[in-house]
Amino acid sequence: MNVLKFGGTSVGSVESIKQVIHIIERHRSKNEPVGAVVLSAMSGVTNQLIEIGRMATESNTDYMELVRRIEDRHFNVIKALIPVKEQSKVFATIRGIINELEDLLRGVSLIRELSLRTMDLIMSFGERLSCTVVSECLKSRGVPAQFCDARNLIKTDSQFSMAEVNYTLTNQLINDYFSKTTDLPIVTGFIGSTEKNETTTLGRGGSDFTASILGSALNADIIDIWTDVDGMMTADPRKVANSFNIPTITYAEAMELSHFGAKVIYPPSLQPAFARNIPLRILNTFNIDHTGTVISRAAERRDYTITGISSIDDVIMVNIQGSGMIGVAGVSARVFGVLALHKISVILISQASSEHSICFAIDPRNAEYVREILNAEFAADIEQGHIDNVSIERELSIIAVVGEGMKKSSGIAGKLFSVLGKNGVNIIAVAQGSSEINISVVINRNNLSKALNAIHNVFFQSEARILNLFLVGTGLIGRTLLKQIHAQNAFLKNEKLLKICLVGVTNTKKMLLDPKGISLDDWQGRLLTEGVTTSLPAFVDQMKNYNLPNSVFIDCTSDKDIVNFYESLLNANVSVVTPNKVANSGSYEEYRRLQRTALRRGVKFLYETNVGAGLPIINTLQGLMTSGDRFLKIEAILSGTLSFIFNNFETGKDGKPVSFAAIVREAKEKGYTEPDPREDLSGMDVARKILILAREAGFPLEPSDVTINNLLPENCILAPSIPAFFEELENSNAYFESLLAKAEDQNQKLRYVATLENGKVTIELRAVGPEHPFYALSGADNIVSFTTERYKDRPLVIKGPGAGAEVTATGVFADVVSIGSYLA
C-alpha cells in the first residue's frame, strides 16, 4: 500500500490537478493500492493567507481582494473539472469554508492582534480548500474519495507554527479512522490539532511530514512525495546547471542534505518513515515516467565519493570569544542552553580547539534577538572582561558536502578546501559531523554560486574540468585562438579531461556575455546580432558579478589601457593570459605587483607569448630559475621582422649586395612590419621583450636601463613620412652595404641582438661568426641563448617561429590549457 503526497505546484492549476487525478487513476488501473492521498495548499495560497492575516491586523480591508482571488482559483478548478450539474454543491462547500475564513479575519481586524495560534488557523484554510476541491473532482470521475481533515487524526502539543506530534494518540486515531473507511481519504497536509482541538501546523513543508506520519502509522510499503523536480539532485539545479538526479539515497544522507537547504523534502518528514524503515520516493508530477529518488536505509553503490551538495543561502555567524572561556567548564552549555530555552534553532556549530571561541550559524531573522539574550546571559562575564561582546557576521552562506562514501575515502576535505582556495573562496568556519558523512563550510554569500559550481565540478564532473573564458580582442590572434579551441575541444574533453567554455567576448565595437556559454560555432554571429556597445569597465564588472569558478581573462590586444584591469581581475581570482607586453614591460613595481597579486590570490598570470610567440622561452626560463639555476647571460634575436631582414641582407650570386631598402620594403609587403617600419627598426619592441626576460631571470630592471644602439641613420629616423623614410633608406644603402661588407670580409653575418650580461641590457646590430648559434638563423625565426651556471659550456638554445597569428594563438592556447591542468 502506498501513501501519495502532492505538493503545492502539483495542485497549483487546473492542468496540474488533472495530472494528479491521472496519477491516482493510474495506480488504481494497475491494482496498486493507495492508502491515502495527502495534499498541500495550491501553490502560493499559504503565502497569501499569511499576507491576508498581516493585512487584517492593520485593518487593511484590501485583504478581501486576496480572499476573492483564492476563492476564484478554487472555483476555476471546479468549473473546469467537475460536471456542471454537480458544481453547485461544491461551490456551496467552498463558499462555506471561505465564509469561515472571512469571519475569522473580521475578528483579527477588530482586535488588531495576530497570535501564532490564530495564524495557524488562518493557514489551515489552504489545505482544507485544495483537499475539498480535489476530493470532489475525484468523486465526479467515479473514484470513491472522501475529504479527510488531518486535524481529526494528527494530535500535537500547543507549540503553534511548529507543533510536536503526539505519536501514541495520533497513531491510534489514524488506525481507527482507516479501519472504518473504504473510500480513498484525501488528507489535508501540514495541519493538526491539540487535544483541545486547537488548530496547529507542523512547520512549512509539513505536508511531507503528514504523509510520513500516515505512512508510518499504516505501515505503508512506500511513501511517494510528488513534487515538481525529478527527485533529489546532486545540487540545486537553479545554481548548478550540471546537477543531475540521485537515484537512491540513504535516510542519513537525505536528512543532512535537507537540513542544509535541499528543498525537495521537509527534514522532519524523514523521521517517522525512518523509524519504520519505510522508503520514500521523490517523484515529478510533471514527468511521471522518471524514476525519481528512493530514500531508504541503504543506497545503491555509486561512482562518486559524495552523494550531493546542498546550501543555505543566507545565514549569520554568531561568535562568542574571550580569554575567560579557556578551560572553563559549562560555557557551551550556557550558550546552547539559553538558545534552546528561547526556541532558537542552531544550524551549525564550530569551536576552536583552544576553547577561546565558539561560533554558530543561525537564521538571520533571529540575529538581534540572539545578541540580546546572549549579552544578558553573559552580562557579568562581559563586564569583568572574561568574554568579549557578542559579535555577528552577516551575508554568509553554508555549503554542505554529504555522502556515505566519505567514511571510506580519504582526502575529501582536502579536495574541498583546495578547490575553494583555487577559486578564491575564503572559508569562515568548518564543521564535520561525527557520522563522517557531512563536511560543512561557511563562506561569504556572494561566492555561493561560484563555490557550488566549483565543488560540483570537482566531485561530479571531474572527467571534464571547466574553464570559463572571457576574451578581449577578436583580431587575427583572437579569432585564430577561438578557431583552435573549437577544433580541439573534443580532444581536450576526452583526453585531457578539460572543457573550455567561452562566456564573454569583446572587440572595439561590441561585447557579448552569456554565463551559460557562447557556442564557438556561431560566436561571431551572436556578437554581431546580440552584442552591445563595448565598454571595457562594464565587461570586467560583469565578469566579476558572474563570479564563475575557474575564470580566465584573455587579452589578445596590444592596448595600453586594458592592462590597468589586470590587478583587479587577479584580486577577483580571475586568471589572466595575454600576449600583450605592456604590463610586464612597464615599471618594475607594476610588474612585481601583478606577480605578487597572482601568487597571493592563487591564480595564474601567464604571458608566454610576450616573448617569442609560441616558443617555450619564458616557461623554460622560469623552470631554470625555480630549480635554482643562475643566469650569466642571455642573447636573443627577438624580432621576426628584423630576423627576416638581416637573414636576407647578404651578397647575391652576382656578387652585389641586396638593397637593404628593398628588403625592408619586401618585409612590409609581406606584413612582417608595422605600417611604419621604423617602429620595428627602432628596437623598442625588442627592448620590451629582453626587459621581460631580464626580469624573469631575476634582474630588477626598468625600461630606462635598456640601452638601444640605433640601427638607422638619423636622416631615416627623422623622415617626415613613410615614403620619405624609404627614400632616405635608399639614400643610406651605402651605409648598410659597408656594414655588410665588413662582416662578410670576416666570414660573419649581421644580426640584431639583444644581450643581458652582468645586469646590463644592450640592443645592437652585431656581426657573428660560424661558431655562434645565431649565424645559421634563417627566415623570420627567433632565437634565444641562455648561458647559466648549469649551461655554461654549451648554452641552452631555443629557436623557431617567433611571430604570426597561428603560433601566437597556439602559445596563448597552451597557457590556457596549463591553467586547466593546475585545477586538476
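Residues numbered from 1 in each chain as written. Predicted model: local features only at pLDDT ≥ 70, side-chain atom pairs only at ≥ 80, totals over all residues. Heavy atoms only, no water.

A. Focus on the overall build of the protein chain. Looking only at helices and strands, one finds 28 helices and 29 strands in the protein chain. Radius of gyration (C-alpha) of the protein chain: 37 Å, far over the 28 Å computed for a compact globule of 824 residues. Expressed as lengths along the three principal axes of its C-alpha atoms, the size of the protein chain is roughly 120 × 70 × 55 Å. Long-range contacts, defined as pairs at least 24 residues apart, comprise 72% of the intrachain contacts of the protein chain with a sequence gap of at least 6. A total accessible area of about 35,700 Å² is found for the protein chain, and carbon and sulfur atoms account for 49% of it. Computed over 82 positive and 92 negative side-chain charges, the separation of the two mean positions in the protein chain equals 3 Å. (Helix = DSSP H or I, 4+ residues; strand = E, 2+ residues; numbered from the N terminus. Rg over C-alpha atoms; globule rule 2.2 N^0.38 Å. Contact = heavy atoms within 4.5 Å. Areas by Shrake-Rupley, 256 points an atom, 1.4 Å probe, with all protein chains shown as cover. Lys, Arg positive; Asp, Glu negative; His and termini not counted. Charge placed at Lys NZ, Arg CZ, Asp CG, Glu CD.)

B. Layout of the side chain of Glu608. Within the element layout of this structure, Glu608 appears in the loop between strand 23 (605-606) and helix 20 (617-626). We note that Glu608 is buried and unpaired, the nearest opposite charge coming from Lys689 at a distance of 11 Å. The contacts of Glu608, once residues within four sequence positions are left out, are Ala613, Leu615, Pro616, Ile617, Ile618, Asn619 and Asp815. (Buried < 20%, exposed > 50% of the residue type's maximum accessible area, 1.4 Å probe, protein only. Salt bridge = Lys/Arg side-chain N within 4 Å of Asp/Glu carboxyl O.)

C. Geometry of the environment of Ala734. Looking at the secondary structure, you find Ala734 in helix 27 (residues 733-745). Along the sequence, Ala734 and Leu691 sit 43 residues apart, while their C-alpha atoms lie 32 Å from each other.

D. A look at the packing of aromatic side chains. Per the stated rule, a full pass over the model turns up 20 aromatic pairs. Measuring from ring centre to ring centre gives 4.8 Å for Phe75 and Phe91, while their planes differ by 70 degrees; the resulting arrangement is edge-to-face. Taken together, the positions of Phe75 in helix 3 (residues 63-81) and Phe91 in helix 4 (residues 84-111) put the pair 16 residues apart, joining distant regions of the chain. By relative accessible area, Phe75 is classed as buried at 16%. (Phe/Tyr/Trp six-rings, centres within 6.5 Å; stacked < 30°, edge-to-face > 60°.)

E. Here's a closer look at helix 22 (residues 660-669). Listed as buried for helix 22 are Phe660, Ala661, Ile663, Val664 and Ala667. Across the axial projection of helix 22, the buried residues extend over an arc of 160 degrees, all falling on one side. Those residues of helix 22 hidden inside the fold are in contact with helix 21 (640-648), helix 23 (678-681), helix 26 (722-731) and helix 27. Between the side-chain oxygen of the N-cap and the backbone nitrogen of Ala661 there are 3.4 Å, and the N-cap of helix 22 in question is Ser659. In the stretch just after helix 22, Gly671 is the one whose phi turns positive, near 85 degrees. (Arc of directions from axis to C-beta. Polar contact = N/O pair within 3.5 Å; in protein donor to acceptor, adjacent residues only side chain to side chain.)

F. Looking closely at the pairing of strand 27 (residues 760-768). Relative to strand 27, strand 25 (residues 706-708) runs parallel, the two being bridged by three bridges. Along strand 27, the bridge assignment pairs Thr707 with Thr762. With nine bridges connecting them, strand 26 (residues 749-757) and strand 27 associate as antiparallel partners. Following the sheet pairing, Val753 is matched in strand 27 by Glu764. (Pairing = 2+ DSSP bridges.)

G. Structural detail: the packing of helix 2 (residues 45-57) against helix 4. Taken N-terminus to C-terminus, the directions of helix 2 and helix 4 make an angle of 40 degrees; their axes are 7 Å apart at the nearest point. Classified by the angle their axes make, helix 2 and helix 4 are oblique. Between helix 2 and helix 4 lies a crossing whose hand is right-handed. Contact residues: Leu49, Ile52, Gly53, Ala56 and Thr57 in helix 2; Leu101, Leu105, Val108 and Ser109 in helix 4. (Axes fitted to C-alpha atoms, helices over the stretch in contact; angles between N-to-C directions. Parallel < 35°, antiparallel > 145°, perpendicular 65-115°, else oblique. Left-handed = near helix turned anticlockwise from the far one by under 90°.)

H. Region of interest: the sheet that holds strand 29 (residues 796-801). Strand order in the open sheet formed by six strands is 25-27-26-24-28-29, and the pairing between neighbours is mixed. Edge positions in the sheet fall to strand 25 and strand 29, since each of these pairs with one other strand and no more. When strand polarity is set aside, the average angle formed by the axes of neighbouring strands in this sheet is 20 degrees.

I. The arrangement of unusual backbone geometry in detail. If you check the backbone angles, Asn277 has positive phi at about 55 degrees while not being a glycine. Secondary-structure assignment places Asn277 in the loop between helix 9 (270-276) and strand 9 (280-284). Within the chain, Asn758 stands out as a residue other than glycine whose phi angle is a positive 55 degrees. Judged by relative accessible area, which is 70%, Asn758 ranks as exposed.

J. Geometry of the pattern of salt bridges. Enumeration over the complete set of coordinates arrives at 39 salt bridges. Arg365 is the salt-bridge partner of Asp363, the closest N and O atoms lying 2.8 Å from each other. With relative accessibility at 73%, the residue Arg365 sits in the exposed group. Here Asp676 ties to Arg678 by a salt bridge, and the two come within 3.0 Å at their closest N and O atoms. Assigned by exposure class, Asp676 and Arg678 land together as buried. Within this structure, Arg68, Glu71, Arg95 and Glu102 form a network of salt bridges that share partners.

K. Examining the environment of Thr248 more closely. Position of Thr248 among the secondary structure elements: in strand 8 (residues 248-250). Judged by relative accessible area, which is 14%, Thr248 ranks as buried. C-alpha of Thr248 to C-alpha of Ser519: the two residues are 271 residues apart in sequence and 35 Å apart in space. Aside from chain neighbours lying at most four places away, what touches Thr248 is Val294, Ala299, Glu300 and Arg302.

L. Structural detail: the sheet that holds strand 8. If you walk across this open sheet you meet the eight strands as 3-4-2-1-7-9-10-8, and the pairing is mixed. Since the sheet does not close on itself, it has two edges, and those belong to strand 3 (145-148) and strand 8, each with one partner. Within this sheet the neighbouring strands show an average axis-to-axis angle of 20 degrees, counted without direction. Note: strand 2 (residues 34-39) against strand 4 (residues 184-188), three bridges, orientation parallel. Among the inter-strand pairings, Val38 is bridged to a residue of strand 4, identified as Val187. In the packing of helix 7 (residues 206-218) onto the sheet, the strands contacted are strand 1 (2-6), strand 2, strand 4 and strand 7 (222-227), and the crossing angle to strand 2 comes to about 160 degrees. The sheet contacts of helix 8 (residues 251-259) involve strand 8, strand 9 and strand 10 (293-296), and relative to strand 8 the element is tilted by about 85 degrees.

M. Molecular detail of the environment of Ile349. Within the secondary structure layout, Ile349 lies in strand 12 (residues 348-351). Judged by relative accessible area, which is 43%, Ile349 ranks as partly exposed. C-alpha of Ile349 to C-alpha of Ser440: the two residues are 91 residues apart in sequence and 9.9 Å apart in space. Those residues in contact with Ile349 that sit more than four places away from it in its chain are Phe336, Cys359, Phe360 and Ala431.

N. Main features of the nonpolar core. With 79 residues, the main nonpolar core has Phe553, Ile634, Ile645 and Leu729 as its most contacted residues. The element contributing the most residues to this core is helix 24 (residues 684-696), with seven residues. With residues up to four places along the chain from it excluded, the contact list for Ile634 reads Leu621, Ile690, Leu693, Ala697, Ala754, Thr755, Leu756, Val784, Ser785 and Phe786. Counting residues in each nonpolar core, the second largest holds 55 residues, with Ile174, Phe190, Ile223 and Ala400 among its members. (Core = buried A, V, L, I, M, F, W, Y, C linked by side-chain atoms within 4.5 Å.)

O. Geometry of the side chain of Arg695. Within the secondary structure layout, Arg695 lies in helix 24. Polar contacts involving the side chain of Arg695 include one to the main-chain carbonyl oxygen of Asn584, which spans 2.6 Å. Excluding anything up to four places from it in sequence, Arg695 contacts Asn584, Ser585, Gly586, Ser587, Tyr588, Tyr591, Leu701, Glu702 and Pro703.

P. Structural view of helix 16 (residues 523-530). Here helix 16 has its buried residues at Trp523, Arg526 and Leu527. Angularly, the buried residues of helix 16 cover 100 degrees about the axis, an arc narrow enough to put them on a single face. When the buried face of helix 16 is taken as reference, the exposed residues oriented beyond 90 degrees from it are Leu528 and Thr529. In the core, the buried residues of helix 16 are packed alongside helix 15 (476-495), strand 18 (498-506) and strand 19 (510-513).

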